[in-house]
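# Fold and contact review
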Amino acid sequence: MKFYTKTILFSCFAVLALTATADNVIKVARVQKTTTQKAPAAMQYQATEGQLNLPRTILRAAANGLTADFSVQDSAAYVTVWSENFDSDDRDAKGNLKLTGWTLDQGEGSVVTFTKEKKDFNTIDPNDVYSLHIDGPYQVFKRTKASATSSAISVPKNGQLHAYVRMAPTWNDYVTLAVQISADDFATTTEIWNSKEVTEGSARWIPITADLADYAGKQIKIRLYWGPGINDTFNTGGYMGDFYVDGLTVTGVSTVDQVNVKTGEEIRFADLTTGGTPTRWEWSFPGGTPASSNEQNPVVYYTEGGSYDVTLKVSDGTATAEVTKKAFVSVEAQAPEAGVLFPADFRTLAQPRMRMIAPLAPVEYKDASTGYPTEFTWTMYTPYDLANNTGFMFVPDTVFTTKDVTYRHNALDKCYVLHTAQNSEGYTFVDDSVQVQFQGMVSNFQPADSYQTNFVDGDLTLPGANKMGITAWAERISKPSVPVVLEGMYVGFTKASAEGLLDQISSVTFSLYTSENGLPGKPIEMLDSWMMSELNYAMNTQSGMVTIELGRRIIIDQEVFLVIDGIPEKNDSLECAIGMAPMRTYGNTAFMLNKGKWRPFTGYFQKAPGGQTSLSVFPYFNHSVLIPAKVDERGGITMGNDTTLVPAEASKADLLVFANQGVYKYLGSNADWCRILGTPGEYTVDSVSVEFDALPEGMEWRDAIVSVTDSVQTLNLVVRQSRNMHTAIRTIPAATTTVTERFDLQGRRLTNGRQPRGIYLERKNGQVRKIKNL
């Protein structure tokens, strides 16, 4: 039995901390704040009249015989009405295995064969003996169309077709296999599956499930259709490929007492009403998503553990029937899997390759957990915080308990990020770190990645020149935490040589593209182009590192792609390859334009989730940090308030602004009564001086918006003039001021203790002046 208490957990961490090394103590302390969890709730049954509501049915039929009932589309409820596993040992006169019950069309010249052979379907069905092997010619001039058609099959209500096809996605270029059905001997045909749908991974068994609700009560035939490949623009036929088929069944649905699922798993309900033809369905799913439905066969899932009732009310226009199945759905809850959507995904090029996040400005960390967590914690802290901890165990100053958090990093360099997600079943956490800095070279390489090129076969140098119809390559660049200026870019090549003149003068282009649904979209701008001969020169003189010359200042504030296009087709005298990270099972940022369609590397060259990588694209980014500023007690800059209060009398005020790229321009004020004085300074901290008129009689307050820009983004500062704003300077009569006094820029009196560096107002002998404390 799972049972946890805060006391037990704290004691465990205390024991670990006493026996751990210094480094382990830090790790234990970092986890400690997130391990408290509630005792998991036991499976709950809904009680009626003091008794547990175990699975049972409450039925109310109509007088005309209409009777509501339902079940689910699940293997436990399937009733098989027809099957074909090709396991019969029927043989012809020569002793060869014979395919019975199917009508064959072997194509022109009878070059497509349909034979029963042993294959590895026993990994799915341990009792399997044979599978249907469909094989064709390997010469392009013999390509043709062929088919195998079943005998007639009666389709029940809520019928489904199930099948398995073993295939390799690469065959789709040359031949495809379609599963078709027809209720009129193929005068009309419905295609329910095509091998073209499978685009990733190596050869494997693909499960197929198709709804046959439109054919309920009819007889159908199934056809396995050998047809032209994707590259066959003339629809001639298929060649150079093969398929295996097995496990064909047509099923109906029977009633079950209870269905068992885990949180998040979809349940496909099936209406089994008898005694009439319903025209209206009213489903009720307390605790489910959705909680109700008017579809005949809805799909529902649950996010919390327990057992749940389901009610179906049906009407045929004259009568109504209803059925409730108590505790019909039993849901097993699971501990969530914690996940974080970081403010940016690109990493510093220098090790340890942490995600690069902007300092000072507000950035967003979002929860990306799965498994339906109900509670969250976030903590951010620096190595300095750890080193200055004086307690037995480190406890961060701030713990956030919201699902998402907006945070300002006030210290440069490394910052730890710990995010915990939990529910009644337990918790998991993400323990990571980010690099807080204004600018630097970045990439998508993971900390353990090396720099390499994979050579797949004679038709392809991956990624680079090929004969496979891949005409462009792309690297995704995530949305930055704040807008950035692209100040430079480098792309690494590992091969670049061409002997043919046309190949040597071919231009390889480097362009920025928009992101649309996670794929390269429309071109934004071509950044640079290099001829193959120039790339070859870079190989010899710069170790293949190509400098992308930027014609102008480029601002990036959304996800974009760098697209590399124009690499000539591979031939015996040409090689061109872009550097890449090793293939991995996570973190793909590399894409390719294959036969006119963009797709990720994931699952194409290796079975998914394998085949993921990143290209050697290295931008140099400079964050645009433009914020209202204040100086802390140690003289450091932090984010200040964007609203400055000023008194009703005409006067002047200074608004402190931080801009790491410098304030480019004062854009002015939206109100005539408030005006910006002077011009921007040359420093990252700028004091924007404004003057304002007196507040008109009868008006209690008013706002003006003062705007400045660093040429990347605009900062709007609010100057709020209020009659209730009484500064310390106004309330002290000038004649009585015989000592030196200091006030901050808001007019608040400062104590006689040490003040941090900054700009202050000083009053002495009735005179007020602005001073700078260094």
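Please refer to the structure placed before this passage.
Presented here is an overview of the structure given in this document. (Residues numbered from 1 in each chain as written. Predicted model: local features only at pLDDT ≥ 70, side-chain atom pairs only at ≥ 80, totals over all residues. Heavy atoms only, no water.)

### Focus: the overall build of the protein
Scanning the protein for helices and strands turns up six helices and 58 strands. Among the 774 residues that make up the protein, the fraction classed as buried is 47%. For the protein, contacts bridging at least 24 residues in sequence account for 73% of all contacts bridging at least 6. (Helix = DSSP H or I, 4+ residues; strand = E, 2+ residues; numbered from the N terminus. Buried < 20%, exposed > 50% of the residue type's maximum accessible area, 1.4 Å probe, protein only. Contact = heavy atoms within 4.5 Å.)

### Considering the pairing of strand β54 (residues 701-709)
Note: strand β51 (residues 665-669) against β54, four bridges, orientation antiparallel. Residue pairing across strands places Tyr666 opposite Val708, the latter belonging to β54. Note: β54 against strand β55 (residues 714-722), nine bridges, orientation antiparallel. The residue bridging Trp701 from the neighbouring strand is Ser722, located in β55. Following β54, the chain reverses through four residues before pairing antiparallel with β55; Ser711 in that reversal takes a positive phi of roughly 80 degrees. (Pairing = 2+ DSSP bridges.)

### What to know about the pattern of salt bridges
In a structure, side chains of opposite charge can pair up when their charged atoms sit close to one another. Here the structure, examined in full by the defined rule, presents 19 salt bridges. Asp432 serves as the salt-bridge partner of Arg355, at 3.0 Å between the closest nitrogen and oxygen. Here the residue Arg355 occupies a position in strand β27 (residues 355-357), and Asp432 occupies one in strand β32 (residues 426-436), the gap between them amounting to 77 residues. In this structure Arg355 comes out as buried when scored by relative accessible area, which is 12%. Via salt bridges that share partners, Asp345, Arg355 and Asp432 belong to a single interconnected network. (Salt bridge = Lys/Arg side-chain N within 4 Å of Asp/Glu carboxyl O.)

### What about unusual backbone geometry?
A cis amide bond, omega 10 degrees, links Gln351 with the succeeding residue Pro352. Its location among the elements puts Pro352 in the loop between β26 (347-348) and β27. Note the cis peptide between Ala608 and Pro609, where omega equals 10 degrees. Mapped onto the elements of the fold, Pro609 is located in the loop between β45 (597-600) and β46 (617-623). Its identity as a non-glycine residue notwithstanding, Phe186 has a phi of 70 degrees, on the positive side. The phi dihedral of Asp413 falls on the positive side, at around 80 degrees, and the residue is not glycine. Note on placement: Asp413 falls in strand β31 (residues 413-423). What makes Asp413 partly exposed here is its relative accessible area of 47%.

### Considering the packing of aromatic side chains
Inspection of every chain in the model, using the stated rule, returns 27 aromatic pairs. Ring geometry for Tyr365 versus Trp378: centroids 6.2 Å apart, planes at 55 degrees, classification tilted. Note that Tyr365 is positioned in strand β28 (residues 362-367) and Trp378 in strand β29 (residues 375-381), a separation of 13 residues in sequence. The residues Tyr365 and Trp378 share a single accessibility class, namely buried. One aromatic cluster in this structure is built from Phe70, Phe269, Trp283, Phe285 and Phe328. Over the ring of Phe186 we find Arg223; its NZ or CZ atom is 3.9 Å from the centre of that ring. A cation over a ring is seen here: Lys325 above Phe70, with NZ or CZ 4.6 Å from the ring centre. (Phe/Tyr/Trp six-rings, centres within 6.5 Å; stacked < 30°, edge-to-face > 60°. Lys NZ or Arg CZ within 6 Å of the ring centre and 35° of its normal.)

### Thoughts on the sheet that holds strand β4 (residues 70-72)
Strand order in the open sheet formed by four strands is β4-β18-β22-β20, with antiparallel pairing between adjacent strands. On the outer flanks of this sheet lie β4 and β20 (288-289), each paired with one strand and no other. Pairing analysis gives two bridges linking strand β18 (residues 267-271) to strand β22 (residues 299-302), with the strands arranged antiparallel. Considered in β22, the bridge of Arg268 is made with Val299.

### Points about the environment of Asp120
Within the secondary structure, Asp120 is located in the loop between β7 (113-117) and β8 (131-135). Placed 124 residues apart in sequence, Asp120 and Tyr244 show a C-alpha to C-alpha distance of 9.9 Å. If sequence neighbours within four positions are ignored, Asp120 has contacts with Arg166 and Trp205. Reaching out from Asp120, the side chain makes a polar contact with the side chain of Arg166 at a distance of 3.3 Å. (Polar contact = N/O pair within 3.5 Å; in protein donor to acceptor, adjacent residues only side chain to side chain.)

### Some points on the sheet that holds β51
Whether parallel or antiparallel, the strands of a sheet pair through hydrogen bonds between backbone atoms. On the basis of which strands lie adjacent, the open sheet formed by four strands has the order β49-β55-β54-β51 and mixed pairing. The open sheet terminates on both sides in strands that have one partner only, identified here as β49 (643-646) and β51. Ignoring strand direction, the axes of neighbouring strands in this sheet form an average angle of 25 degrees. Both β49 and β55 contribute to a ladder of four bridges, which runs parallel. When the bridges of β55 are listed, Thr644 appears paired with Val719. (Axes fitted to C-alpha atoms, helices over the stretch in contact; angles between N-to-C directions.)

### A short note on the nonpolar core
Core analysis: the largest hydrophobic core is formed by 70 residues, its most contacted members being Tyr365, Trp473, Val491, Phe510, Leu535, Leu562 and Phe621. The element contributing the most residues to this core is strand β37 (residues 484-498), with six residues. Counting 35 residues, the second largest nonpolar core, distinct from the first, contains Trp102, Ala146, Ile220 and Leu248. (Core = buried A, V, L, I, M, F, W, Y, C linked by side-chain atoms within 4.5 Å.)

### Observations regarding helix α5 (residues 532-541)
When we look at burial in α5, the residues that qualify are Met532, Leu535 and Ala538. One side of α5 carries all its buried residues, which in axial view fall inside an arc of 110 degrees. The exposed set on the far side of α5, more than 90 degrees from its buried face, consists of Tyr537 and Asn540. Where α5 is buried, its residues touch β37, α4 (501-504), β38 (507-516), β39 (519-531), β40 (545-548) and β43 (574-578). Ser543 lies just past α5 and shows a positive phi near 55 degrees. (Arc of directions from axis to C-beta.)

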